[in-house]
Amino acid sequence: MIVDQVNDTVSRIAGLTSIDELEQLRIHWLGKKGQLTQALKSLASLPIEEKKEQGNRLNQYKQLLIEAIEHKRQELDQRQLDAILHQQKVDVTRPPRHALTGSQHPIHHVSERLIKWFSEHGFEYVLGPEVETEYYNFTALNFPDDHPSRQMHDTFYVEGDRLLRTHTSSVQIRCMHNRQPPFSLITAGKTFRVDSDRTHLPMFHQLEGMLVSESTSYSQLKGLLSGFLKYLFGSDVEVRFRPSYFPFTEPSAEVDIKSHDGQWLEVLGCGMIHPNVLTEANIDPVKFRGFAFGAGLDRLAMLLHGVSDIRSFVSGDIGFLEQFK
Ligand code: PHE
């Protein structure tokens, strides 16, 4: 009797352990030429009443087998998955693989450290545009028209009187225009000159500061800059102030520090803000005085890390940059 065979098959299915055997059984019963499929086909020749009754029964068997097979298939699939997962167990004691992580660029890093130091010393952090006018870059800073001092800076002109700022001193007048003393400011950013060799890049970075009040003095400037260089290079760094010339400061000085091999290296320009510059900013030069200073950030980063070629900073060499993590 087919009912006994079906019942027998259902209990055989329950005991199976292989997907292949299960599939064979399925084909044997439910395949195109399977037992049940055939039996259902042969109903066609029966009278209608019998066809109905037998058809119902056979369809019930079919349903029974389908359910048993499906249930078993899920069970075997799960078992197979468990076996794979067990085999591929994660070894949590294995050492981690070295992952590549990014880090701050050394110039950015020096810049942020110094901005923080000056902020803690009461300087307000401001920003100015990289594309400047001749007025803010030169004229307002007491560079006379057609004076050779303008040629001290090989300038990238953009169009008309617009240029890429050659120093961050251009931010001075912009900020002085809308402030009343006393005030102290710090700015940092990109600067541009037509220059390129081991110690110069056409695009470099400066940090610029200024302080204007009724009592600002040159000795305050010396004290502040010595303190800042000691902070950066260590308390035993030797600092030298050497008389120099800038159109926008009087007196002016350049500041050198002594390197490990005993050489003096220039790191800063500074001075007392020229009365013409104060006047241009509507600040009374009789009542108020100011000092200003500008430092090359690339130069400071080179000295700090012993980098001999400034171009390394922009080479995009990951090996070089990874040293500063
Ligand atoms: N702007 C000068 C330079 O680029 C540096 C400087 C800044 C000098 C402020 C004096 C005062 O060389």
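Since this is a predicted model, take the numbers as computed values, not measurements. (Residues numbered from 1 in each chain as written. Predicted model: local features only at pLDDT ≥ 70, side-chain atom pairs only at ≥ 80, totals over all residues. Heavy atoms only, no water.)

1. Details of the domain arrangement of the protein chain
- Assigned domains of the protein chain: these are domain 1 (2-87) and domain 2 (106-324).
- Taken over C-alpha atoms, the centre of domain 1 sits 87 Å from the centre of domain 2. (Domains from an automatic or database assignment.)

2. Side note on the side chain of Gln172
- Relative to the elements of secondary structure, Gln172 occurs in helix H7 (residues 170-177).
- Here Gln172 is in contact with Leu141, Glu208, Met210, Ile273 and Ala292, once residues within four sequence places are set aside. (Helix = DSSP H or I, 4+ residues; strand = E, 2+ residues; numbered from the N terminus. Contact = heavy atoms within 4.5 Å.)

3. Remarks on the site of the ligand
- Not every one of the 14 residues close to the ligand is listed here, only the nearest: His167, Ser169, Arg193, Gln206 and Glu208.
- Ser169 is positioned with one of its side-chain polar atoms (N or O) 2.9 Å from a nitrogen atom of the ligand.
- Interatomic distance of 2.9 Å between a side-chain N/O atom of Gln206 and an oxygen atom of the ligand.
- Contact with the protein chains removes 91% of the 320 Å² of surface that the ligand exposes when unbound.
- Applying the majority rule of atoms within 2 Å of the grid points places the ligand in the largest pocket.
- Considering each element in turn, the shell around the ligand owes the most residues, 3 residues, to strand E9 (residues 289-296). (Near = heavy atom within 4 Å. Polar contact = N/O pair within 3.5 Å; in protein donor to acceptor, adjacent residues only side chain to side chain. Areas by Shrake-Rupley, 256 points an atom, 1.4 Å probe, with all protein chains shown as cover. 1 Å grid on protein atoms, 1.4 Å probe; cavity = no way out; pocket = protein on both sides within 12 Å on 5 of 7 lines; lining within 4 Å. Sits in = over half its atoms within 2 Å of the grid points.)

4. Topic: the packing of aromatic side chains
- All told, the structure shown has 14 aromatic pairs when counted by the stated rule.
- Between Trp117 and Phe118 the ring centres are 4.9 Å apart and the planes differ by 85°, which places this aromatic pair in the edge-to-face class. With respect to burial, Trp117 and Phe118 carry one shared label: buried.
- It is Arg174 that lies over the ring of Tyr136; its NZ or CZ is 4.2 Å from the centre.
- The ring centre of Phe241 lies 5.2 Å from the NZ or CZ of Lys222, which sits over that ring. (Phe/Tyr/Trp six-rings, centres within 6.5 Å; stacked < 30°, edge-to-face > 60°. Buried < 20%, exposed > 50% of the residue type's maximum accessible area, 1.4 Å probe, protein only. Lys NZ or Arg CZ within 6 Å of the ring centre and 35° of its normal.)

5. Brief notes about empty space enclosed by the protein
- Applying the stated criterion across every chain, the model contains 1 cavity of 30 Å³ or more.
- Val126, Val171, Gln172, Cys175, Leu185, Ile186, Thr187, Glu208, Gly209 and Met210 together form the lining of the largest cavity.
- For the lining of the largest cavity, the elements supplying multiple residues, two or more each, are H7, strand E4 (183-192) and strand E5 (203-213).
- In terms of residue class, the lining of the largest cavity is built from 6 nonpolar, 3 polar and 1 charged. (Points joined across faces, edges and corners; volume = space filled by probe spheres on them. Nonpolar A, V, L, I, M, F, W, Y, C, P; charged D, E, K, R; others polar.)

6. Here we look at the pattern of salt bridges
- The final tally for this structure, using the stated rule, is 14 salt bridges.
- With a closest N to O distance of 3.8 Å, Arg73 and Glu70 form a salt bridge. With a gap of 3 residues between them, Arg73 and Glu70 both fall in helix H4 (residues 48-87), about one helical turn apart.
- Under the relative-accessibility criterion, Arg73 is labelled partly exposed at 22%.
- A salt bridge links Lys325 to Glu322, with the shortest nitrogen-to-oxygen separation between them at 3.4 Å. (Salt bridge = Lys/Arg side-chain N within 4 Å of Asp/Glu carboxyl O.)

7. Remarks on the nonpolar core
- In this structure, Phe118, Leu225, Phe228, Leu268, Phe293 and Leu300 are the most contacted members of the largest nonpolar core, which totals 39 residues.
- Residue assignment for this core shows that the elements contributing at least two residues are helix H5 (106-120), E4, E5, helix H8 (218-233), strand E7 (249-258), strand E8 (264-273), E9 and helix H10 (297-305).
- Excluding residues that lie within four positions of it along the chain, Leu268 makes contacts with Leu225, Phe228, Leu229, Ala253, Glu254, Val255, Phe293, Gly294 and Ala295.
- Core analysis: the next-biggest nonpolar cluster, separate from the first, contains 24 residues, Ala140, Leu141, Leu163 and Met210 among them. (Core = buried A, V, L, I, M, F, W, Y, C linked by side-chain atoms within 4.5 Å.)

8. Details of the pairing of E7
- Burial analysis of E7 places 7 of its 10 residues in the buried class, the great majority of the element.
- With 7 bridges connecting them, strand E6 (residues 239-246) and E7 associate as antiparallel partners. Of the residues in E7, the one forming a bridge with Arg242 is Glu254.
- Where E6 folds back on E7, the antiparallel hairpin that results is connected by 2 residues.
- Bridge analysis of E7 against E8 gives 8 bridges, and the strand direction is antiparallel. Across the sheet, the residue bridging to Ile257 is Leu265, located in E8. (Pairing = 2+ DSSP bridges.)

9. What about the packing of H8 against H10?
- Running from amino to carboxyl end, H8 crosses H10 at an angle of 45°, the nearest separation of the two axes being 11 Å. By the criterion of interaxial angle, the relationship of H8 to H10 is oblique. Contacts from Phe228, Leu232 and Phe233 of H8 reach H10 at Leu300, Leu303 and Leu304. (Axes fitted to C-alpha atoms, helices over the stretch in contact; angles between N-to-C directions. Parallel < 35°, antiparallel > 145°, perpendicular 65-115°, else oblique.)

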